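Per-entry structural report
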Amino acid sequence: MFDFDTLSHAIAGQTVLCVGDLMLDEFVYGEVSRISPEAPAPVIAVQRSEINIGGAGNVARNIAALGASCIFVGLIGDDEAGRMLTDRLAQEDRIEALLIVDASRPTTRKVRFVSEHFSTHMLRADWEMASPAAAAIEQRLIDTILPQIVRADIVLLSDYAKGVLTARVLRNVIDAARKLGKRVIVDPKSANFAIYRGATLLTPNRKEFSEATRSRADTDAGVATAAQEAMILADCEAMLITRSEHGMTLVPRDGTAIHVPALPVRVRDVSGAGDTVAAMLAVAMAAGADWETTLRAATAAAAVAVGKKGTAVVTPSEWRRKILPHAFLAAEEKIVAAGELDAQLAEWRSQQLRVGFTNGCFDILHPGHVKVLTAARATCDRLIVGLNSDASVKRLKGPERPVQDERARAEVLAALEAVDMVVIFEDDTPLKLITQIAPATLVKGGDYTREQVVGHEVVTANGGEVILVDILKGFSTTSLVERARGGTR
């Protein structure tokens, strides 16, 4: 099974060619305030609105947000919505948009009226022409798409049945990709899976799958059986069925079905969650992930997406927090540079959290250190640990120290539940750091007096307090090092 940390870094080097139905998504948030006197209909008091790139464009945004590059081909009308989408896509990093203008049709636009308080959708209004693109437009699409296939690591076709992915466009793209050895993922809309024949992976949702296979698709075994039959028709390598709260089931043509349950999450809005899944599948497969890793990665990305409002994107840090163990994430989230400290302090203080501080070399972590750190955390809501840099330790302890470099020492500290942040400092003392933080509590071991604690004047001048913790006798990093080196101490 692929390592998820390796995967998250490998994604950054991939390029996805995404083709599909582009649309403008507008979300109008408000509440029903009264019943209209003109008709028996609710009046929505609008509080705010958001406009997003939607449909296959949201797939492209998610590909870019996850760290990969995206070549996007879509269709717009010669109208204000089309111009707005063109401008917005031009502002997206890592998306190269190649848009075909069809003056005979409007740009697809969807306006959703959503309860701000309950996050429920009350009404949706659509402006669209769902008929297939005309022959001349089809040819322009094909002529635009085919030269891009060689540049991509994988091809993703996002079908919303709005006219872009006609049978002719699909056949040309899938056949050309197969000749070049490129895998093709299709997020299908048609119930006739045969039109996607030759794709690598089809990703229907439960409703689409049930309609296409004429099955109930309500059990793992039932889904797997129906998928095997459907894959013969579609001539694909695998089929992934997204089943909402029941998770996802991936059925390889040659192999055992894999089912992954949905991660527990508070669902706020399912709009665009399928786009996020398709994007995650594409970047993970492009990066070389196996089927199970790809499925689990997509499940985690979906859990992030449904917890957001509107057609949202998922970032690598959000996805990693869902799928990687907390202890693994501790180092990258808790170890910060002094220059990044002010933003975190401001956030904590806006929440009226009490910030504490302690410091040391922590060369070889022992029970004495743990006692001080846990006692320090008990004095505050958030504990920052100042860690002497390698150069600082050498000056204080001698040329043979530290035993572990600063990164290793910081990661060990960051893995402790008592520690909320680790900041490495270069000076011999943490005075500058203490001045910057202005902690409510400054904690040191009881082998110091208050007057010996560096920064005590700063802390007390700001209304804070200096706290001394009784040391645990018999534990000393210096003595541990001497013993390890064969000394007598």
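Scroll up for the structure.
Summarised in this report is the structure supplied together with it. As the structure is a prediction and not an experimental result, all values here were calculated from the model. (Residues numbered from 1 in each chain as written. Predicted model: local features only at pLDDT ≥ 70, side-chain atom pairs only at ≥ 80, totals over all residues. Heavy atoms only, no water.)

Side note on helix H3 (residues 80-90)
Turning to H3, its buried residues are Ala81, Gly82, Leu85 and Leu89. All buried residues of H3 fall inside an arc of 100° around its axis, so they share one side. Set apart from the buried face of H3 by more than 90 degrees, the exposed residues are Glu80 and Ala90. Packed against the buried residues of H3 are strand E2 (22-35), strand E3 (42-55), strand E4 (69-76) and strand E5 (95-101). (Buried < 20%, exposed > 50% of the residue type's maximum accessible area, 1.4 Å probe, protein only. Helix = DSSP H or I, 4+ residues; strand = E, 2+ residues; numbered from the N terminus. Arc of directions from axis to C-beta. Contact = heavy atoms within 4.5 Å.)

Considerations on the environment of Ala375
On the secondary structure map, Ala375 appears in helix H13 (residues 367-377). A C-alpha to C-alpha distance of 43 Å links Ala375 and Met280, two positions 95 residues apart in sequence.

What about the nonpolar core?
Taken as a class, soluble globular proteins show a tendency for nonpolar side chains to be buried jointly. Counting 57 residues, the largest nonpolar core has Leu7, Ile63, Phe72, Met280 and Trp319 as its most contacted members. Among the elements that make up this core, the one with the highest residue count is helix H8 (residues 273-286) (11 residues). (Core = buried A, V, L, I, M, F, W, Y, C linked by side-chain atoms within 4.5 Å.)

Re the environment of Lys182
With respect to the helices, strands and loops of the structure, Lys182 is situated in the loop between helix H5 (167-179) and strand E9 (183-187). On the basis of relative accessible area, Lys182 is assigned to the buried category, the value being 19%. For the pair formed by Lys182 and Val155, sequence separation is 27 residues and the distance between their alpha carbons is 7.0 Å. Beyond its immediate sequence surroundings of up to four residues, Lys182 is in contact with Ile149, Val150, Ala152, Asp153 and Ala177.

Focus on the sheet that holds strand E1 (residues 15-20)
For sheets, the rule is that strands pair by backbone hydrogen bonds, running either parallel or antiparallel. Reading across from one edge, E5-E4-E1-E8-E9-E10-E11-E12-E13 is the order of the nine strands in this open sheet, with mixed pairing throughout. The open sheet has two edge strands with one neighbour each: E5 and strand E13 (258-260). (Pairing = 2+ DSSP bridges.)

Some thoughts on the packing of H8 against helix H9 (residues 291-305)
Between H8 and H9, whose axes approach to 8 Å, the crossing angle comes to 150°. For the pair H8 and H9, the crossing hand works out as right-handed. Across the interface between the two elements, Ala273, Thr276, Val277, Met280, Leu281, Ala284 and Met285 from H8 touch Trp291, Thr294, Ala297, Ala298, Ala301, Ala302 and Ala305 from H9. In terms of residue class, the contact of H8 with H9 is built from 12 nonpolar, two polar and no charged. (Axes fitted to C-alpha atoms, helices over the stretch in contact; angles between N-to-C directions. Left-handed = near helix turned anticlockwise from the far one by under 90°. Nonpolar A, V, L, I, M, F, W, Y, C, P; charged D, E, K, R; others polar.)

Here we look at unusual backbone geometry
Cis geometry marks the peptide bond from Arg401 to Pro402, where omega comes out at 5°. Relative to the elements of secondary structure, Pro402 occurs in the loop between helix H14 (390-397) and helix H15 (406-414). Phi angles above zero are rare outside glycine, and Arg214 is one such case at about 55°. With respect to the helices and strands, Arg214 occurs in the loop between helix H6 (206-213) and helix H7 (220-234). With relative accessibility at 76%, the residue Arg214 sits in the exposed group. With a phi angle near 60°, Gln352 is a residue other than glycine that sits in the positive phi range. The residue Gln352 is located in the loop between helix H12 (341-350) and strand E15 (355-360) in this model.

Quick notes on H7
Helix length check: H7, at 15 residues, gives a terminal C-alpha distance of 20 Å against a target of 21 Å (1.5 Å per residue), a fit within 8%. Of all the positions in H7, only Val223, Ala224, Ala226, Ala227, Ala230, Met231 and Ala234 are classed as buried. In this fold, the buried residues of H7 make contact with strand E10 (201-202), H6, strand E11 (238-242) and strand E12 (248-252). Once H7 ends, the next one or two residues include Asp235, with phi positive near 50°. (Expected span 1.5 Å × (residues − 1).)

Here we look at the packing of aromatic side chains
By the definition in use, this model includes one aromatic pair. Between Phe27 and Tyr29, the aromatic rings sit 6.3 Å apart at their centres with planes inclined by 15°, giving stacked as the arrangement. Comparing Phe27 with Tyr29 shows no difference in burial state: the two are buried. Geometry around Tyr29 places Arg48 over its ring, the cationic atom sitting 4.1 Å from the centre. Residue placement shows Arg109 over the ring face of Trp127; its charged tip is 4.3 Å from the ring centre. (Phe/Tyr/Trp six-rings, centres within 6.5 Å; stacked < 30°, edge-to-face > 60°. Lys NZ or Arg CZ within 6 Å of the ring centre and 35° of its normal.)

Thoughts on the sheet that holds E15
Taken in spatial order, the six strands of this open sheet run E14-E17-E16-E15-E18-E19, and their pairing is parallel. Each having just a single partner strand, strand E14 (335-336) and strand E19 (465-469) make up the two edges of the open sheet. Note: strand E16 (residues 382-388) against strand E17 (residues 421-425), five bridges, orientation parallel. Bridging from a neighbouring strand, Val385 pairs with Val422 of E17.

Observations concerning the pattern of salt bridges
Scanning all chains against the criterion turns up 28 salt bridges. Of the charged contacts, one joins Glu128 and Lys162 as a salt bridge, the two residues approaching to 2.7 Å between their closest N and O atoms. Taken together, the residues span a long stretch of sequence, with Glu128 in the loop between strand E7 (121-127) and helix H4 (135-149) and Lys162 in the loop between strand E8 (154-158) and H5 at a distance of 34 residues. The exposure class of Lys162 is buried, given its relative accessible area of 13%. Note that Asp235 and Arg253 form a salt bridge whose closest N and O atoms lie 3.0 Å from each other. Linking Asp235 in the loop between H7 and E11 with Arg253 in the loop between E12 and E13, this pair joins segments that are 18 residues apart in sequence. Here Asp235 falls in the partly exposed class, since its relative accessible area comes to 25%. According to the relative accessible area criterion, Arg253 is partly exposed, its value standing at 31%. One salt-bridge network, in which partners are shared between bridges, spans Arg48, Glu50 and Glu116. (Salt bridge = Lys/Arg side-chain N within 4 Å of Asp/Glu carboxyl O.)

Keep in mind that these numbers describe shape and distance, not what the molecule does.
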